[in-house]
Amino acid sequence: MAHLETSAKKVWQQRMTFKRWMGWFSWLFILSFFMLCWQAMTQNTLWVFVLDAPTQAADLIDRMFPPRWSYITALLKPLWDTLNIATLGTLFGIILAFPIAFLAAHNTTPSRFFVRPIALFIIVASRSINSLIWALLLVAIFGPGLFAGIIAIALRSVGFVAKLLYEAIEEVDKTPIKALTSTGASAVQVMDYAIIPQILPTFIGVSLFRWDINIRESTILGLVGAGGIGLELQASLSVLAWPQVILIVLLIFITVILSEAFSAKIRNAII
Amino acid sequence: MVSSPMWRWTLLVLFLLYLGVAFSSIDLNFPRMLDGLTRGWRFVDGFLNPNFTSRWSDIQTGIIESLTMSVTATLVGILFSIPIGMGAASNISTKPFYFLCRFFITISRSMQEIIVAIFLVALFGFGAFAGFLTLTFATIGFLGKLLAEEIENIDKAPLEALKATGASWLQMIHYSIVPQITPRVVGLWLYRFDINFRESAVIGIVGAGGIGATLNTAIERYEYDSAGAILLMIIFIVFLCEYTSGYVRKWLI
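What counts as what
- Residues numbered from 1 in each chain as written.
- Chains lettered and ligands numbered in written order.
- Predicted model: local features only at pLDDT ≥ 70, side-chain atom pairs only at ≥ 80, totals over all residues.
- Helix = DSSP H or I, 4+ residues; strand = E, 2+ residues; numbered from the N terminus.
- Rg over C-alpha atoms; globule rule 2.2 N^0.38 Å.
- Buried ≥ 20, exposed ≤ 12 C-beta atoms within 10 Å, placed from the backbone.
- Contact = placed C-beta atoms within 7 Å.
- Expected span 1.5 Å × (residues − 1).
- Arc of directions from axis to C-beta.
- Axes fitted to C-alpha atoms, helices over the stretch in contact; angles between N-to-C directions.
- Parallel < 35°, antiparallel > 145°, perpendicular 65-115°, else oblique.
- Nonpolar A, V, L, I, M, F, W, Y, C, P; charged D, E, K, R; others polar.
- Domains from an automatic or database assignment.
- pLDDT = per-residue confidence, 0-100.
- Left-handed = near helix turned anticlockwise from the far one by under 90°.
- Core = buried A, V, L, I, M, F, W, Y, C linked by C-beta atoms within 7 Å.

The next subject is the overall build of chain A. Regarding its fold elements, chain A presents 11 helices and two strands. The order of α-helices and β-strands along chain A, N terminus first, is β-β-α-α-α-α-α-α-α-α-α-α-α. Taking 2.2 N^0.38 as the reference for a compact globule, 271 residues should give roughly 18 Å; the C-alpha atoms of chain A span a radius of gyration of 27 Å, well beyond that estimate. Taking the principal axes of its C-alpha atoms as reference, chain A extends roughly 75 × 70 × 40 Å. For chain A, buried positions account for 38% of its 271 residues. A separation threshold of at least 6 residues defines the contact pool for chain A, and within that pool the share at least 24 residues apart is 70%.

Here it is in structure tokens:
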């Protein structure tokens, strides 16, 4: 029981205030909502398969080990392709993202009512759709290969880079802009000397960050035919060659960890 | 950025050299691409004139499955990410437990959802349950890492003050850490729901249920108007999530 001490006299007070009731109700609500969702989600689940999982796992591990090490020679070219997809995709992505960010930031946009909503829609659309889905579409359009993968990565990166960049543009320090404007500088000069130097570190940091996310994403684009090491993964999976699958997964794991360390190192060096 | 001019030029030349090599490795098949352009145009057309009706029941099942998968995976993921995240925060954890949690987080974060889904579908069979497990696994790693970082970056003064009063470990957590990190962590939880929904649209491609399976079928059948409708719905829901998460955060804090 909670009590307030006022001039040596205890004033007793009911614990279940409105706020506490609300607290308990929201827990109840979350719990029942969870149960509801759980029920809806599992209505088509075959529990026989789920209960069977431990035996299946043991069987799968048994079939995966030892990995087929000799297969690694066939993986080096696809791995190189994967790195190219990620790097070129990031490059195209940031080239597209740079102007879009300026169109979306409310302090640099040419028109707040017309251009800005379009730029924001491009950003949301690009961010909502995973690169694998972009790849699925682009493979249908351009045919299978690296090119579809590069464009898929680029389209997905545009939204990410542009969103973080336009937020940085909106938060720039206004003093240099005012100072330059008062000297009679043109809009382009203001952008060049007051805005760009302020956002450049963010831009480089975000681009490198996106590059290392893209390495991770480009490893699986091959599953839908967009080139890289994912193609080998798909090929090995479809013939159930688990010793090859585990080798590919291991290689992807190492590549991702190395690229993350590399990008973090450069980001620390630059910023 | 790079102070020595010699290094600057070497890096630039190396980068250009790499670009040349990388570009030459793309084989562009122009006749195939021209062929594809008509199909591309049909897709744009389908996106502009989405067809919600002819596959509505499939779309509805897919969206509901995706949403329920994301809700359950986010909640269960949050539940597990709390102990893991606390274990991975160097200032409140003990050494062996710290390394264990960090190891788990690294594994979870470096494994692409799709690859996890491939394995879990092989183990648990096709359908939403494998998808739920995939998303939960990814959520634990993501939220665990961010929670650990939040805890490591707290202001140390309240922690020291509580320690000086002889507070127990749980009391320290409750009175010095929870109030400091709650606003940001709740924001991250909502953000993760967003990510889970987006990911649920993808893992369906390898058989883990959700709207991804419907989308994959629509694209394979060249029904670009249905695919456009699905993509628009995904964009709309993501947009709605982002818009409401701001309000939810304000209401909670």
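To continue, consider the overall build of chain B. If you tally the helices and strands in chain B, you get 10 helices and zero strands. Along chain B, helices (α) and strands (β) appear in the sequence α-α-α-α-α-α-α-α-α-α when read from the amino end. For chain B, whose C-alpha radius of gyration is 24 Å, the value lies well above the compact-globule estimate of 18 Å for 253 residues. Dimensions along the principal axes, computed over C-alpha positions, put chain B at roughly 75 × 60 × 40 Å. Within the span of chain B, comprising 253 residues, buried residues form 42% of the whole. Relative to all contacts within chain B whose residues are 6 or more apart in sequence, the contacts with residues 24 or more apart total 71%.

Attention now goes to helix 4 (residues 95-110) of chain B. Residues and elements named next belong to chain B. Helix length check: helix 4 (16 residues) gives 22 Å between terminal C-alpha atoms against 22 Å at 1.5 Å per residue, within 8%. Within the sequence span of helix 4, burial applies to Cys 101, Ile 105 and Ser 108. Summarising the axial view, the buried residues of helix 4 lie within an arc of 65°, below the 170-degree limit, and thus occupy one face. Across from the buried face of helix 4, at angles greater than 90 degrees, the exposed residues are Lys 95, Pro 96 and Phe 103. Against helix 3 (56-87) and helix 6 (128-152) lie the buried residues of helix 4.

Moving on to the packing of helix 6 (residues 131-142) of chain A against helix 9 (residues 211-220) of chain B. Two numbers describe how helix 6 of chain A lies on helix 9 of chain B: the axes approach to 11 Å, and their chain directions differ by 10°. On the basis of the axis angle, helix 6 of chain A is roughly parallel to helix 9 of chain B. Here A:Ile133, A:Leu136, A:Leu137 and A:Ala140 of helix 6 of chain A come into contact with helix 9 of chain B, specifically with B:Leu215, B:Asn216 and B:Ile219. Per-class residue counts for the contact of helix 6 of chain A with helix 9 of chain B are six nonpolar, one polar and no charged.

Once the domains are mapped, chain B shows domain 1 (5-45) and domain 2 (53-252). Taking the mean C-alpha position of each, domain 1 of chain B and domain 2 of chain B sit 34 Å from one another.

Moving on, we come to the interface of chain A and chain B. If you look at the interface, chain A gives 46 residues, while chain B gives 45 residues. Secondary-structure elements contributing two or more residues to the side of chain A that touches chain B are helix 1 (18-42), helix 2 (47-51), helix 3 (53-64), helix 4 (76-104), helix 5 (115-128), helix 6, helix 7 (146-170) and helix 11 (242-270) of chain A. Taken together, the residues that form the side of chain A that touches chain B break down as 33 nonpolar, 11 polar and two charged.

Residues and elements named next belong to chain B. Where burial is concerned, most of helix 9 is hidden: eight out of the 10 residues are buried. Of all the residues in helix 9, the buried ones are Ile 211, Gly 212, Ala 213, Thr 214, Leu 215, Asn 216, Ala 218 and Ile 219. At the exit of helix 9 stands Tyr 222, carrying a positive phi of roughly 60°.

What follows deals with the domain arrangement of chain A. Along its sequence, chain A is carved into domain 1 (3-50) and domain 2 (71-270). Of note, the centres of domain 1 of chain A and domain 2 of chain A, computed from C-alpha atoms alone, are 41 Å apart.

Let's shift gears to the confidence of the model for chain B. Residue and element names in this part refer to chain B. When pLDDT is averaged along chain B, the result is 84, and 98% of the positions lie at 70 or above. Predicted confidence in chain B is weakest over helix 2 (residues 30-48), with a mean pLDDT of 78, and strongest over helix 6, with 90. Reported for the predicted complex are a pTM of 0.81 and an ipTM of 0.76.

All names here are of chain B. As a packed pair, helix 3 and helix 8 (residues 169-203) sit with axes 9 Å apart at the nearest point and diverge in direction by 135°. Comparing the axis directions of helix 3 and helix 8 gives the class oblique. Relative to helix 8, the crossing made by helix 3 is right-handed. Every residue of helix 8 that contacts helix 3 at Ser 66, Leu 67, Met 69, Ser 70, Ala 73, Thr 74 and Ile 78 is listed here: Trp 189, Arg 192, Phe 193, Asn 196, Phe 197, Ser 200 and Ala 201. Here the residues of the contact of helix 3 with helix 8 are counted per class, giving eight nonpolar, five polar and one charged.

Moving on, we get to the nonpolar core. All names here are of chain A. Formed by 130 residues in total, the largest nonpolar core has its most connected members in Ala 135 and Leu 138. Sorting elements by how many residues they give to this core places helix 7 first, with 17 residues. Aside from chain neighbours lying at most four places away, what touches Leu 138 is Ala 148, Ile 151, Ala 152 and Ala 226.

It is worth spelling out the confidence of the model for chain A at this point. Taken as a whole, chain A shows an average pLDDT of 83; of its residues, 94% reach a score of 70 or greater. The least confident element of chain A, judged by mean pLDDT, is strand 1 (residues 3-6) of chain A at 50; the most confident is helix 4 of chain A at 89.

Residues and elements named next belong to chain A. Even without glycine at this site, Leu 240 takes up a positive phi of about 55°. Looking at the element boundaries, Leu 240 is found in the loop between helix 10 (229-238) and helix 11. When the 10 C-beta atoms within 10 Å are taken as the criterion, Leu 240 is described as exposed.

This paragraph deals with the environment of B:Ala73. All names here are of chain B. Topologically, Ala 73 is positioned in helix 3. Residue class for Ala 73 comes out buried when judged on the 29 C-beta atoms lying within 10 Å of it. Separated by 46 residues in sequence, Ala 73 and Phe 119 have C-alpha atoms that sit 17 Å apart. Setting aside anything within four residues of it in sequence, one finds Ala 73 in contact with Phe 132, Leu 135, Thr 136, Thr 139 and Asn 196.

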